[in-house]
Structures are given as C-alpha cells and as structure tokens.
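Fold and contact review
In case you want the letters, here they are:
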Amino acid sequence: MMDAPFNPNLIGGRVARDGELPFSVFIQNCSASLVGPEVILTAGHCRGNNESVSFNFDGQRREGRCRRHPQFTENRNDFLNNDFSLCVFSPRIDRVVFADLSPVSVGSNDRVTLQGFGQNRLGTLQVGEARVDQINNKDIQVRSNVKLGGGDSGGGLLLGEPDLVNGPFQIIGVNSRVETNGTTSFFNRVNLQRSQDF
C-alpha cells in the first residue's frame, strides 16, 4: 500500500523510491515495462516497426528492435487503438521482478497504480494511485488528479496497489494518452483478444 501523500501535479504522483517498480525502464522520452528477460512492452506511438530502442539497466546499455501491433491505428476517429509495441533487446536481464500482462478484467472504481517517467520530471520514475472511471472496447479510463504527462506513454497501468518492490506486477493497460487540458488518462487494454494475440 502507498502511504505517501500525492501532490496534484506523473502529473500528480510522487517520485518512486529506490527499488520500487523494478521492471520500469525509460526509453528516449517514453516509459516501458520489462515483461521478460529480453522483452519490453511500450506504446505503439513510442516505437514503430523495426525501430531501434536503447536503455540503461543495472549500469549496462541494452539495445534492440521493436514491433508495433499490426492493428495499431492513429487517426481522428480511432485515436491510438492497439497502442502497443514489443521490443526485443540484448543483453538479457535475469535478476529482476518482471511485470506480467494480466488477462484480468477490471471494473469501474477498481484501484489502479499509474507509473511513468514523464512530467514534471522527465526521466524520473513517478508513481500514483487512482480508481478506474470507465472502460470501453479499447481503453481503461482514469479520471483523477493523478494523470499521464509527456514521457509517461508506454508505461504499464497496474492492477490494484501492489507491493512496489516485490510485486506481483500485473499490467492491465499501457499508458496511451491524456485528455488535453483535462483529468482523464487513457490506457489501451491488454486483456482484449487482439492484444493477447499480438
């Protein structure tokens, strides 16, 4: 459980303490999650097909290539649908608590944990908690003082309030976008069949 007060500007979270959210990585202006020894998950709008990715972890540089979800769309009518990219990197990482992609369904008012490396401190991991506002056929929506900012895209929306050091970390959505000048953050759902098939 989180006991630290949150101020209202991920925007609205707190800086993560050393050792918290060990699966989280920063990839050139976006957030990502280690979901295996050689795989990270991020937003499709952060990394496209065959785009390179690099990040530092445990003092060592990791590099790889990404693959965007084949049904990713970015247009006015269906803005950022299937907003996922998987990136395979080397050298592999073995000693960390990875995040799991959760097939669990969530409902309105369920507790969630937001995290990312964005505003107001780009490159610094921040964390905050909120409740699900509503769910549609592609997104989990969270309306809260804790919201996404630039650089948070690609991070994982976590189910509940996990132990931030040991987990388990269940990703139920990927940080996708925030309502302009609003308080609603949108997370593409990972429990949809088209997401799981990816």
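Placed above this text is the structure.
This write-up is about the structure you can find in this document. (Residues numbered from 1 in each chain as written. Predicted model: local features only at pLDDT ≥ 70, side-chain atom pairs only at ≥ 80, totals over all residues. Heavy atoms only, no water.)

1. What to know about the pairing of strand β6 (residues 60-68)
Our working rule: Pairing between two strands is assigned when DSSP locates at least 2 bridges connecting them. Only DSSP runs of H or I with at least four residues qualify as helices, and only runs of E with at least two residues qualify as strands; both kinds are numbered from the N terminus onward.
Sheet topology places strand β5 (residues 52-57) next to β6; six bridges connect them, and they run antiparallel. Note on β6: the bridge partner recorded for F55 is R62. The antiparallel hairpin formed by β5 and β6 contains two residues in its connecting segment, where D58 sits at a positive phi of about 55°.

2. A word on the packing of aromatic side chains
For clarity, the cut-off: The pairing test for Phe, Tyr and Trp rings, Trp by its six-membered ring, is centres within 6.5 Å, and the orientation test on the planes gives stacked under 30 degrees, edge-to-face over 60, and tilted for anything in between. Buried means the residue's accessible area, taken with a 1.4 Å probe over protein chains only, is under 20% of the maximum for its type, while exposed means over 50%, and partly exposed covers the values in between.
Applying the stated criterion across every chain yields a total of three aromatic pairs. Measuring from centroid to centroid gives 4.8 Å for F23 and F169, while their planes differ by 50°, and the two rings are tilted. Of this pair, F23 sits in the loop between β1 (14-15) and β2 (24-26) while F169 sits in the loop between β13 (156-159) and β14 (170-178), placing them 146 residues apart in sequence. Here the aromatic rings of F55 and F89 are separated by 5.1 Å at their centres, their planes lie at 80°, and the arrangement is edge-to-face. Taken as a pair, F55 in strand β5 and F89 in strand β7 (residues 85-90) lie far apart in primary sequence, 34 residues in all. Residue classification places F89 among the buried residues on the basis of a relative accessible area of 3%.

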